[in-house]
Amino acid sequence: MTQHQGRHFLQIPGPSPVPDRVLRAMDMPVIDHRSAQFAELSKAVFEGCRQIFKTTGQVLIFPSSGTGAWEAAIVNTLSPGDRVLMVETGHFATLWRQMAARWGIEVDFMPGDWRHGADPVAIEAALAQDSAHAIKAVMVVHNETSTGVTSRVGDIRAAMDKVGHPALLLVDTISSLGSIDYRHDEWKVDVTVSCSQKGFMLPPGLGFNAISEKARAAAKTNKMPRSYWDWEEMLKPNAAGFFPYTPATSLLYGLREAIAMLLEEGLDAVFARHKRLAAATRTAVAHWGLEVVCLEPAEYSPVLTAVMMPPGHDADQFRKTVLDNYNMSLGSGLSKLAGKVFRIGHLGECNELTLMGALSGVEMGLSTSGVPHRAGGVEAAMKYLEGRTEANAPTHLKVIGN
Ligand SMILES: *Cc1c(COP(=O)(O)O)cnc(C)c1O
């Protein structure tokens, strides 16, 4: 293995790089999780989380991966035999569906091509047919990390309201929260699922459920066995700033700092930065003559860009070349996209110059690997960023930005 100098470029769409400021905040002695000092820390993070999820309700924090938080959403709101509506946006939607099926949930899985987000019109039509209200929940992935396609959660909520369907709305924001505009209360989401290692810029290890009153009421009558994930067991001690078991204390120090960083920059500025970097990335990809997976400009992901490899070239071989030569990790194609797609993460602690470094590595990698492309994508992205702030987007490039 090559010995590399300098900082590794972790350009995968999660885990994302952890800012130095967050690393330093975690470099603390572990404290007694039953002390007043700990309660102060947890109350600060609960309050901060409300601002990030945009809710006045409860946010539960589990020591877990995002997958654990998916499970918590299911076992607290649904019962075996319940029907739910899900949309096949990509790999992560498919995994969440499999999990629901393992818990005995009957999933209506609307087929998708992995290149579009969940269609609010199709959801509306499916719900309109369900006059008996057999569907207990609509479950969608906000940012499908396997494809770089977002779903319009506000429009999905509007579609549900239009037909007056009482289903719960469960949303996976694992790779969108803190990077893409998201409004738990305004969009009347019942459970928002998230985790620490993507937009929150933390190491892996925290899972989140933001919950509505309606979801909490459902949890009081549903019939799914659970213990570790039980919301009420968690909420009782949370009220005083404590946990029912040992929490991930060090990660909570990091979370407090990461929330402070997001709020100091301002959430709107954070979201605009992600859109700007994503648009610059697509400018480079288009210049190279390569294709992004997402086919709907309104659904381009601000968090990552998934790029199709030209036929006859292996995306994993290309990623290995980039890693070996330039010390950069790119995201792989997942399940049916394996070998066909590579993903460029531009989330969290990413700015213009980090992105330019990353795009340079991609362009050099295309060259080194003999992948046919038009040179100069990096320069096109530079020009895009030079001319571009949200306020003065050059009009000829507006069609690319979203
Ligand atoms: C990363 C990711 C997951 C899985 O999270 P883990 O922490 O790996 O369990 C689920 N959904 C989406 C959209 C993701 O990006």
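Residues numbered from 1 in each chain as written. Predicted model: local features only at pLDDT ≥ 70, side-chain atom pairs only at ≥ 80, totals over all residues. Heavy atoms only, no water.

## Thoughts on the pairing of strand E5 (residues 135-141)
The element E5 is largely enclosed, with a buried count of six among its seven residues. Relative to E5, strand E3 (residues 83-87) runs parallel, the two sharing four bridges. If you follow Met-86 over to E5, its bridge partner there is Met-139. Bridging between E5 and strand E8 (residues 168-172) involves five bridges; their strand directions are parallel. By the bridge assignment for E8, Val-138 is matched with Leu-169. (Buried < 20%, exposed > 50% of the residue type's maximum accessible area, 1.4 Å probe, protein only. Helix = DSSP H or I, 4+ residues; strand = E, 2+ residues; numbered from the N terminus. Pairing = 2+ DSSP bridges.)

## Here's the deal with the domain arrangement of the protein
You can read the domains of the protein as domain 1 (9-16 + 266-390) and domain 2 (20-263). Just the C-alpha atoms count here: the centres of domain 1 and domain 2 sit 27 Å apart. Each partner contributes residues to the interface: domain 1 has 32 residues there, and domain 2 has 33 residues. Summed over both partners, the interface of domain 1 with domain 2 buries about 2600 Å², with 59% contributed by carbon and sulfur atoms. Of all residues in domain 1, Leu-267, Phe-271 and Glu-299 give up the largest surface area on contact with domain 2, accounting jointly for 23% of the area buried on that side. (Domains from an automatic or database assignment. Contact = heavy atoms within 4.5 Å. Buried area = accessible area lost by both parts, 1.4 Å probe.)

## A few points about the environment of Arg-34
When you line up the elements, Arg-34 lands in the loop between helix H1 (20-26) and helix H2 (36-53). For Arg-34, a relative accessible area of 53% corresponds to the exposed category. On a C-alpha basis, the gap between Arg-34 and Gly-241 in space is 9.0 Å, while along the polypeptide they are 207 residues apart. Those residues within four positions of Arg-34 in sequence are excluded, and the remaining contacts are Phe-242 and Phe-243.

## A look at the packing of helix H5 (residues 120-129) against helix H6 (residues 153-162)
Their axes nearest at 9 Å, the elements H5 and H6 cross at an angle of 25 degrees. With respect to their mutual orientation, H5 and H6 come out roughly parallel. The two elements H5 and H6 meet at a crossing, and its hand is right-handed. Each of Pro-120, Ile-123, Glu-124 and Leu-127 in H5 lies in contact with H6, whose residues at this interface are Asp-155, Ile-156, Ala-159, Met-160 and Lys-162. Counted by class, the contact of H5 with H6 contains six nonpolar, no polar and three charged residues. (Axes fitted to C-alpha atoms, helices over the stretch in contact; angles between N-to-C directions. Parallel < 35°, antiparallel > 145°, perpendicular 65-115°, else oblique. Left-handed = near helix turned anticlockwise from the far one by under 90°. Nonpolar A, V, L, I, M, F, W, Y, C, P; charged D, E, K, R; others polar.)

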